Amino acid sequence: GTPAVRLIRIFPNAQRDTTANTGAGADGRINVMRLLPDGKLLIGGLFVLYNNQVARGVARVLPDGNIDPSWQTGFGFNNEVLAIESLTDSGVLVGGFFSQFQQLPVPQPVKLRYNGQRDTTFNAGGTGTTGLVEVMLEQPDGRILIGGSVSAYNGQPVSKLFRIFPDGTRDTSFQTGSGFSTGSIRAMALQPDGKILAVGSFTSYQ
């Protein structure tokens, strides 16, 4: 019964934690959240403002609910963010409907440094994905699984799911063959044995 603008924190007993004061919150929907080791929270979605401060598409929130002023993305993204993955090297991968970051064209996924600026060494010279990145997942060895409605990466055919190295180059040892049917991958999880669970709108695999 109390206002909660798109983002709240609750205790294990489901009572609201009023120490996390998000204020005006995000002015549009939040699609994805990633909790960082330092307690900060990355959020991505279709918003322009967070707590009345410019944060187009992605923001980093302090444990008290306020925006993190040390995260400076400038103009931010020109469209909706669907996927965020926090990496062990403190970088952040971002994917979604956008085509620009800070008003410059970018391939997908794009990597941001811990300060919110783009890491241009990631997939340097690559054209990125053809199709939509909807989910990303870093494996314990640092390699990253990328899923969505993706049909190509850096000009090479892929079928909804592929894997890259930490520098953004494709890991060609991961071969899905004919891959997934029409549709997309919406979520993934790693099992303890290293196998991958994938769900989405597809109806067949290989």
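The text that follows walks through the structure, step by step, so that each part is easy to find. It should be emphasised that the depicted structure is a prediction, and the values quoted were computed from it without experimental measurement. (Residues numbered from 1 in each chain as written. Predicted model: local features only at pLDDT ≥ 70, side-chain atom pairs only at ≥ 80, totals over all residues. Heavy atoms only, no water.)

Considering the sheet that holds strand β7 (residues 92-96)
Spatially, β6-β7-β10 is the arrangement adopted by the 3 strands of the open sheet, whose pairing is antiparallel. Sheet topology places β6 (81-86) and β10 (110-112) at the edges, where each strand pairs with a single neighbour. Here the average twist between neighbouring strands, direction ignored, is 25°. (Pairing = 2+ DSSP bridges. Helix = DSSP H or I, 4+ residues; strand = E, 2+ residues; numbered from the N terminus. Axes fitted to C-alpha atoms, helices over the stretch in contact; angles between N-to-C directions.)

Observations concerning the sheet that holds strand β15 (residues 156-157)
With respect to topology, 3 strands assemble into an open sheet ordered β11-β14-β15, the strand pairing being antiparallel. The sheet is open, and its two edges are formed by β11 (129-130) and β15, each paired on a single side.

Some points on the packing of aromatic side chains
Following the criterion strictly, the structure yields 5 aromatic pairs and no others. Between the aromatic rings of Phe77 and Phe98, the centroid separation amounts to 4.3 Å while the plane-to-plane angle is 45°, which identifies the pairing as tilted. With Phe77 in the loop between β5 (58-61) and β6 and Phe98 in the loop between β7 and β8 (100-101), the pair connects residues that are 21 residues apart, well separated along the chain. The residues Phe77 and Phe98 share a single accessibility class, namely buried. (Phe/Tyr/Trp six-rings, centres within 6.5 Å; stacked < 30°, edge-to-face > 60°. Buried < 20%, exposed > 50% of the residue type's maximum accessible area, 1.4 Å probe, protein only.)

Structural notes on the nonpolar core
Membership of the largest hydrophobic core comes to 15 residues, with the highest contact counts inside it found for Phe77, Ile84, Val94, Phe98, Val110 and Leu112. For this core, the secondary structure elements donating two or more residues are β6, β7 and β10. When residues no more than four places from it in sequence are discounted, the contact partners of Leu112 are Trp71, Thr73, Phe77, Gly91, Val92, Val94, Phe101, Gln117, Arg118 and Asp119. With 13 residues, the next largest nonpolar core counts Leu93, Met136, Val150 and Ile164 among its residues. (Core = buried A, V, L, I, M, F, W, Y, C linked by side-chain atoms within 4.5 Å. Contact = heavy atoms within 4.5 Å.)

Some details on the pairing of strand β2 (residues 41-45)
Of all 5 residues that make up β2, 5 are buried, and the element is covered over most of its length. Alternating residues of β2 divide into Leu41, Ile43 and Gly45 and Leu42 and Gly44, and every residue in both groups is buried. Bridge count for strand β1 (residues 30-35) against β2 is 5 bridges, and the pairing is antiparallel. Note on β2: the bridge partner recorded for Val32 is Gly44. One ladder, built from 4 bridges, connects β2 with β5; its direction is antiparallel. The residue of β5 that forms the bridge with Leu41 is Val61.

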